[in-house]
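What follows is each chain in one-letter form.
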Amino acid sequence: MTIYTKTLSDRAVVIRIADNGPGMPEAVQKRLFDPFFTTKPVGKGTGMGMSISHQVITEKHKGILKCNSTPGKGTEFVIEIPIQQS
Ligand SMILES: Nc1ncnc2c1ncn2[C@@H]1O[C@H](COP(=O)(O)OP(=O)(O)OP(=O)(O)O)[C@@H](O)[C@H]1O
Ligand SMILES: [Mg+2]
């Protein structure tokens, strides 16, 4: 897993988190941020991890959360958060 951070012209910070895991097919990527969506077995995942992350980043921080994923290769999440809110 790789974590990369960068400051964008004193306005925002960018954090990229990449893994070399199984990646996600299109159908999973579409529902990734839906509350209670999980591909884990019954009783394992709550399906809340990514929806809460999305909510905190977009609503609380007014930022952006994007996902790039290739099945069989891995996944990269890109988080952009403003340093100051107007
Ligand atoms: N880095 C990743 N690589 C591959 N699939 C992922 C990744 N992150 C999330 N997913 C997919 O998105 C689904 C939803 O993720 P989310 O974190 O919301 O819930 P979860 O991981 O299933 O449950 P919990 O976070 O409660 O353990 C996962 O079940 C999985 O299918
Ligand atoms: Mg999770």
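Residues numbered from 1 in each chain as written. Chains lettered and ligands numbered in written order. Predicted model: local features only at pLDDT ≥ 70, side-chain atom pairs only at ≥ 80, totals over all residues. Heavy atoms only, no water.

1. Some thoughts on the site of ligand 1
Step number 1: Taken together, 17 residues surround ligand 1, and among them Thr38, Thr39, Lys40, Thr46 and Met50 come closest.
Step number 2: A distance of 2.5 Å separates an oxygen atom of ligand 1 from a polar side-chain atom of Thr39.
Step number 3: In the model, an oxygen atom of ligand 1 is placed 3.4 Å from a nitrogen or oxygen of the Gly49 main chain.
Step number 4: Taken by itself ligand 1 offers 590 Å² of open surface, and the protein chains cover 79% of this.
Step number 5: Judged by the fraction of its atoms near the pocket grid, ligand 1 is located in the largest pocket.
Step number 6: For the shell around ligand 1, the secondary-structure elements that each account for two or more residues are helix 2 (49-60) and strand 4 (74-82).
Step number 7: When its residues are assigned to classes, the shell around ligand 1 shows 7 nonpolar, 8 polar and 2 charged. (Near = heavy atom within 4 Å. Polar contact = N/O pair within 3.5 Å; in protein donor to acceptor, adjacent residues only side chain to side chain. Areas by Shrake-Rupley, 256 points an atom, 1.4 Å probe, with all protein chains shown as cover. 1 Å grid on protein atoms, 1.4 Å probe; cavity = no way out; pocket = protein on both sides within 12 Å on 5 of 7 lines; lining within 4 Å. Sits in = over half its atoms within 2 Å of the grid points. Helix = DSSP H or I, 4+ residues; strand = E, 2+ residues; numbered from the N terminus. Nonpolar A, V, L, I, M, F, W, Y, C, P; charged D, E, K, R; others polar.)

2. Some words on the sheet that holds strand 4
Step number 1: If you trace the 4 strands from one edge of the open sheet to the other, you get 1-2-4-3, paired in antiparallel fashion. Looking at the sheet topology across the chains shown, the edges are occupied by strand 1 (2-8) and strand 3 (64-70). The mean inter-strand angle of the sheet, taken between neighbouring strand axes irrespective of direction, is 15°.
Step number 2: Judged from the 7 bridges that link them, strand 1 and strand 2 (residues 12-19) form a sheet pairing that is antiparallel. Within strand 2, the position partnered with Tyr4 by the bridge is Arg16.
Step number 3: The sheet strands contacting helix 2 are strand 3 and strand 4, and the helix crosses strand 3 at an angle near 140°. (Pairing = 2+ DSSP bridges. Axes fitted to C-alpha atoms, helices over the stretch in contact; angles between N-to-C directions. Contact = heavy atoms within 4.5 Å.)

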